[in-house]
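# Per-entry structural report
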Amino acid sequence: MENARERGSFGSKLGVILATAGSAVGLGNVWRFPYMAGENGGAAFILIYLICVLLLGIPCMVSEFIIGRRGGTNASRVFAKVAQQSGRKSLFGAHLFPKFIGYMGILTGLLIISYYAVVSGWCLQYIYASAAGELSGDVNYVTKYFEDFSASATMPVVWTVAILVMSHLIICRGVRGGIEKAAKLMMPLLFILLLMLVGASCLLPGASKGIAFLLHPDFSSIDGNVFLGALGQAFYSLSIGMGALCTYASYFNSKTNLVTSAVQISLVDSFVAILAGLMIFPAAFSVGVNPGSGPSLVFITLPNVFSQAFASMPAVGWAVALLFYVLLSLAALTSLMSLHEVLTAFCVEELHVSRNRGTLMVTIAACVIGAFCSLSLGAADISIAGRSLFDIFDFVTGQILLPVGGFLTCLFLGWGVSKRLVREEFFTGYTPLRAATGQLVFNIFLFLIRVVCPIAIAAIFLHQFGVI
């Protein structure tokens, strides 16, 4: 195994947790989780989601951590390197299988960063619009504002490039000087802003109805779709299957407890998602807005909610809207950084260029592809089979590449890598109170990875295509 220090490494346990949690915490927590909870029974969905994180998210995260730290290289090569170290010649450990998973992770990262940067750029525009007071108006005005802006040929591209440049300036400084230092600044700031907004929302008249909706489960709305939706959200939220966790884990040292780290990161990620619900639902209920407003929640519904909820205190409403979009931009940037690092590590180690040049190559590629994604939403006719380039990237990554990548990763570690190697890496840095306890945890982990996780991920995948 290569010495992680030669490639750069995280300097502290806090840096590991905050940086990796930053990768997981993104728009999926602040935007996607609340509207999915709103559509699927509030607390009932949250309970099912937490079970999915426990049974699916944490084992898959530990798997990527094991592969990343053991391989100690970029996402394209790490699976093949671990397979070589294992020496196991089964179908799932053969030469082409791990190489395929690795390069699929790189492709997934490139596609996601390109369209994710577009949405992240919208958050920057809404910081400006909130500060300038441009979002004051009824729902029709806000809807038209978003439609006109997203279909524009200039400003969405400008903001896409701007947030990619922000990510570039962090990534080119390296792991400790860039990613870890930025995470230690941005993640606490994100929590402070989130708590401030939760407090402001919960003090609104009628906010108790929103809190009750979030905390009291409605099991009558639960069906198979809700279970599969919760599985998909857990998968989406924790950044599983896109190479980011493997890449970050390659910078972990031998003292990092992979199981504890995965649990802590999952707790942080879930806590942020629930706080986002406590921020959005009370405000929505206070003005009689449906909390299950779908993907339009952030850019159409919420500006109107903030305007109505704080109508008697315009200055407070202005500040809340501004802080919300700053929060959203921070969440987007922390996730964007991890994707940027996946691709930068690939360029540096596979193309043998300096870190600055590798980062620049990724930034330019993401800016060009991101610009086409943005233009495809209305400014230019860039579509295939009636779908815009943006929608194609979103569909291919979210509905195909991510679940397939997670599924293959589970098969690879569970059946393609020797149990000896998995056990060795699992217990490196792991100090259970009793040996029997550690062995039990390992056996449960192995069963989940070999049986439960592949079946659950396959169910999500087949459900998305209407097979089940």
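In what follows, the structure referred to is the one given above.
We now turn to the structure provided with this report. In every chain, residue numbers begin from 1 and rise along the written sequence. In keeping with the predicted nature of the model, local features appear solely for residues at pLDDT of at least 70, side-chain atom pairs appear and are counted solely at 80 or more, and the whole-chain, interface and lining totals rest on all residues. To get the side-chain values, take all heavy atoms of the structure and skip hydrogens and water.

What follows deals with empty space enclosed by the protein. Here a cavity denotes grid points, spaced 1 Å and computed from the protein atoms alone, that fit a 1.4 Å probe unable to get out, and a pocket denotes an open set having protein on both sides within 12 Å along at least 5 of 7 lines; residues with an atom within 4 Å of a point are the lining. Grid points are joined across faces, edges and corners, and a volume is the space filled by probe spheres set on the points. Here the structure, examined in full by the defined rule, presents three cavities of 30 Å³ or more. Here the largest cavity defines a volume of roughly 190 Å³. Lining the largest cavity we find 20 residues, and of these Tyr116, Tyr236, Ser239, Met242 and Ser335 sit closest to its centre. In this text, helices come from DSSP runs of H or I with a minimum length of four residues, and strands from runs of E with a minimum of two, each type numbered from the N-terminal end. Listing elements by their share of the lining of the largest cavity, those giving two or more residues are helix H2 (13–24), helix H3 (27–39), helix H6 (96–131), helix H11 (224–237), helix H15 (314–350) and helix H17 (389–416). Following the grouping adopted for this structure description, the nonpolar residues are Ala, Val, Leu, Ile, Met, Phe, Trp, Tyr, Cys and Pro, the charged ones are Asp, Glu, Lys and Arg, and the polar ones are all others, Gly among them. Classifying every residue of the lining of the largest cavity gives 10 nonpolar, 10 polar and no charged.

In this model, the largest pocket occupies a volume close to 910 Å³. Elements with a contribution of two residues or more to the lining of the largest pocket: H3, H6, H11, H17 and helix H19 (435–464). In terms of residue count, the dominant contributor to the lining of the largest pocket is H17 (eight residues). Of the residues contributing to the lining of the largest pocket, the split by class is 22 nonpolar, nine polar and four charged.

A few words on unusual backbone geometry. You will see that His352, though not glycine, has its phi angle at about 55°, which is positive. Take His352: it is sitting in the loop between H15 and helix H16 (355–375). One non-glycine residue, Ala385, adopts positive backbone phi at about 55°. With respect to the secondary-structure elements, Ala385 resides in the loop between strand S1 (383–384) and strand S2 (387–388).

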